[in-house]
Structures are given as structure tokens and as C-alpha cells.
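Observations on chain architecture
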Amino acid sequence: MANSLIQRQRETVNLRFGMFLHFNSATFQFASGDTVDWEYDCENNDVPRQYPFSPADWNPQELDCAQWARIAKEAGAAFGVLTAKHHEGFCLWPTRYTEHCVRSAACKTDVVGAYVQAFREQGLLPGLYFSILDLTQGIGRKRCTPEDKEYIKGQITELLTGYGEIPFLLVDGWAAPWGGPSYEALPFAEVDSWVKALQPDCLLINIGSGCSLDHTDMVLYENNAGQQAEDSFVGPGMGCDILTGAWFWRKDDPARELRTSQWAAGRIAEMNRQNITFILNASPNQKGRIDANVEKVFQGIAPLRKPVPPLAALPEGWLYRG
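Procedures and definitions
- Residues numbered from 1 in each chain as written.
- Predicted model: local features only at pLDDT ≥ 70, side-chain atom pairs only at ≥ 80, totals over all residues.
- Heavy atoms only, no water.
- Helix = DSSP H or I, 4+ residues; strand = E, 2+ residues; numbered from the N terminus.
- Rg over C-alpha atoms; globule rule 2.2 N^0.38 Å.
- Buried < 20%, exposed > 50% of the residue type's maximum accessible area, 1.4 Å probe, protein only.
- Contact = heavy atoms within 4.5 Å.
- Areas by Shrake-Rupley, 256 points an atom, 1.4 Å probe, with all protein chains shown as cover.
- Lys, Arg positive; Asp, Glu negative; His and termini not counted.
- Charge placed at Lys NZ, Arg CZ, Asp CG, Glu CD.
- Phe/Tyr/Trp six-rings, centres within 6.5 Å; stacked < 30°, edge-to-face > 60°.
- Pairing = 2+ DSSP bridges.
- Right-handed = clockwise from strand over helix to strand, strands pointing away.
- Axes fitted to C-alpha atoms, helices over the stretch in contact; angles between N-to-C directions.
- Core = buried A, V, L, I, M, F, W, Y, C linked by side-chain atoms within 4.5 Å.

**Some remarks on the overall build of the protein chain**
Per the secondary structure count, the protein chain includes nine helices and eight strands. On C-alpha atoms alone, the protein chain measures out to a radius of gyration of 18 Å, which is about the 20 Å that the 2.2 N^0.38 rule sets for 322 residues. Over its C-alpha atoms, taken along the principal directions, the protein chain stretches across nearly 50 × 45 × 35 Å. The buried share of the protein chain, reckoned over its 322 residues, is 57%. Once local pairs closer than 6 in sequence are excluded, the contacts in the protein chain between residues at least 24 apart make up 75%. About 12900 Å² of surface is accessible on the protein chain, with carbon and sulfur atoms providing 51% of the total. Looking at the protein chain, you have 29 positive and 39 negative side-chain charges, and the mean spots of the two groups are 4 Å apart.

**Describing the packing of aromatic side chains**
Scanning all chains against the criterion turns up 16 aromatic pairs. Ring geometry for Y115 and F119: centres 4.7 Å apart, planes at 50°, overall tilted. Linking Y115 with F119, this pair stays in helix α5 (residues 111–121), spanning four residues, or about one helical turn. Of the two residues examined, Y115 and F119, each falls in the buried class. A ring pair is formed by W263 and F278, whose centres lie 6.4 Å apart and whose planes are at 75°; its orientation type is edge-to-face. Here the residue W263 occupies a position in helix α8 (residues 261–273), and F278 occupies one in strand β8 (residues 276–281), the gap between them amounting to 15 residues. Judged by relative accessible area, which is 0%, F278 ranks as buried. Following the ring pairs from residue to residue traces out a cluster consisting of F23, F28, F53, W58, W68 and F90.

**As for the pairing of strand β2 (residues 79–85)**
Most of β2 sits out of view: seven of its seven residues are buried. Pairing analysis gives four bridges linking strand β1 (residues 17–21) to β2, with the strands arranged parallel. Note that in β2 the partner of L21 across the bridge is L82. Here six bridges tie β2 to strand β3 (residues 125–131), and the two strands are oriented parallel to one another. When the sheet's bridge partners are listed, G80 is paired in β3 with P126. A crossover connection joins β2 to the parallel β3 through α5; in handedness this β-α-β unit is right-handed.

**Things to note about the sheet that holds strand β7 (residues 237–241)**
With parallel pairing, eight strands are arranged side by side in an open sheet as β5-β4-β3-β2-β1-β8-β7-β6. Each edge of the open sheet carries a strand with a single partner, namely β5 (203–206) and β6 (219–222). Sheet twist, expressed as the average angle between the axes of neighbouring strands with direction ignored, equals 25°. Here β6 pairs with β7 via four bridges, running parallel. Directly across from L220, in β7, lies its bridge partner M238. Those strands touched by helix α6 (residues 146–161) are β2, β3 and β4 (168–172), and its axis lies near 165° from that of β3.

**Some words on the nonpolar core**
The biggest cluster of nonpolar side chains holds 72 residues, and the ones touching the most others in it are W58, W68, L82, V112 and F298. The residues contacting L82, other than those within four sequence positions of it, are L21, F23, W68, L92, V111, V112, Y115, G127, L128 and Y129. If you look at the next biggest cluster of nonpolar residues, it comprises 30 residues, including L15, F20, I205 and C240.

**Details of unusual backbone geometry**
Comment: phi is negative for the bulk of residues other than glycine, and the bulk of peptide bonds are trans. Residues G235 and P236 are joined by a peptide bond in cis, for which omega reads 0°. Among the structural elements, P236 can be located in the loop between β6 and β7. Positive phi, close to 75°, is recorded for R16, a residue that is not glycine. Inspection of the secondary structure puts R16 in the loop between α1 (2–13) and β1. With relative accessibility at 6%, the residue R16 sits in the buried group. Phi angles above zero are rare outside glycine, and D46 is one such case at about 60°. By the secondary structure assignment, D46 is in the loop between α3 (40–44) and α4 (65–75). By relative accessible area, which is 53% here, D46 ends up exposed.

Read these as layout, nothing more, since geometry by itself doesn't imply function.
Spelled out as C-alpha cells, the structure:
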């Protein structure tokens, strides 16, 4: 198992660059206003929920996952990561565990299925993001019952048995500064064993894991939240960042001045030197398409990148679990 994990870590490091797709209830709930992407105060400061989401409001009438995949391919990305479920709890697939999903929505398309198919057709790997924290279900830092654990495992099972091979599952809202159950309530080893039993080669990558492999298969740095690798870090890692002002789409994004292709190519190169694969966010709009200005930035990345030789021998200082 240890050698298999190391091999998968190395393969993921060698992917170098991917596209993050933040597309979920927040795309419709928080499109106006500041950079809020979810009800942080509800989980962290005991404030009652103020923004419940109705599936009837989910209606991306021009959903175009093929456009996402084409833009990612043209940018030189090797994979994608889609927010199958974010902290609010809305599911982009027709899960049998709750009606809070696309089955109850105005647009009933299985977005996970459409995304996976579109990215595979372009030769790209379809990774998924899954939030353990679930405000609608009531799973968080104050509650994670045995029934909640079965709910979590059940939905992970659907994602890892219904859509073919998934290279990695990015989990969030788990013993993190921004909320989620503790490792005492929901041990990492328990979920990791569940994932590996379903798909032995699927990496479980925990966004709130810190700077070790104690609770993750790769260290993940959320760069726009201030998380940066130490100069001594040599892998295995992932990093992620945004072009706009938030992870999810805002109504002013089409006219916003974005970070540039030069910035993105520089970040990819900087990360890759430390054996960190970089994931750049492209938040689809309420129609289900990526805006033209974001597409333009992605189109400019490939010509600016220099080839990076694949990681062969592991460098001294590479992190190991245990």
C-alpha cells in the first residue's frame, strides 16, 4: 500500500496543472455582494442560518461542460476538479440520500456525470471535490452522529462507484479552521479506508490537513487563504488559487480585471519546482458557462509554460505517512 500511495502521489505531482470548477448553490445564492461563498457564521459563530438554498433555484440553462473541458485542454491542464458538493450541501448529482440535489432542481442534469464525460472526452482526468461539512444536513463541528457518518460514506460511495475511475477526491470542511467535524468524531483513517476499498488508486486529499500527511494523501495549500509551502517543502503537494475575487461566480466577474496569464504561468512554475501541482479556478456562471475573460486568461497560459521533466527519483525530504 505504501509503494502504491507513493506512486500515485508522484503521478499526481507530474500532472502539474489542472482546472478547479467552483460551481454549486453559491453560484446562485451569493452572486451579488462581497466575497462570501457560504454561511461561515452559521458554522463558526452560532448564528442561525440565513441563506437556505432551494433546489428550484438551480437552473443553469446553458450548461456546457464540454466548454469547460475544451478551455482546460487548450490551457494545457491535465485534469479538473468539480465541486460535487460544497458546504451548503447541495449535490450536483441525483443522490439517493437527500432531495437536496439536482433531482429536485429546475435543471435536473446530473452535472457530475456531464462533467466527467466531457473531461474524459478531452483526455483529461476528472477529479471531484466533496465537502464533509454540510449545513443543510446539519453535519459540522458540533454534530457528526453515526447516522451522519453513514450519510457521508453513502454519498462518497455513489461518487466512487457511479462515474468510473476518479483519480482523487478533494475533501473540505473537516477539522478545518472554517468548520466541519473533528477527527475524533470522524477519523481520517476510517474515511480513507472506505475510499480505498471503493477505489484503491483514488487519493483522498484533505484541504484542511495542515502541513503533514497525517490526515491526507497529499498536502494541499489554499493559496488565496494565505496557505503557502515552506521553502523546504519538496512534495507531495497541491496548491489552488483564484483569478477573480472569490471561488464562486459573481455578477461583476465578466467585467472584472483578472489576474493575468503571466501570473498563472508563473504560479504553476513556482509550484512545480516544489513538486506541487497547481489548480487554477474557473468559476462557471449561472448559465453554466465560463465567461469570456476567464477563458482568455486560460488560453494565454499554455504558450507561456516551459516543459517540466517528470519527477523520477523522489527528492530528499519528500513526506511520508506515519
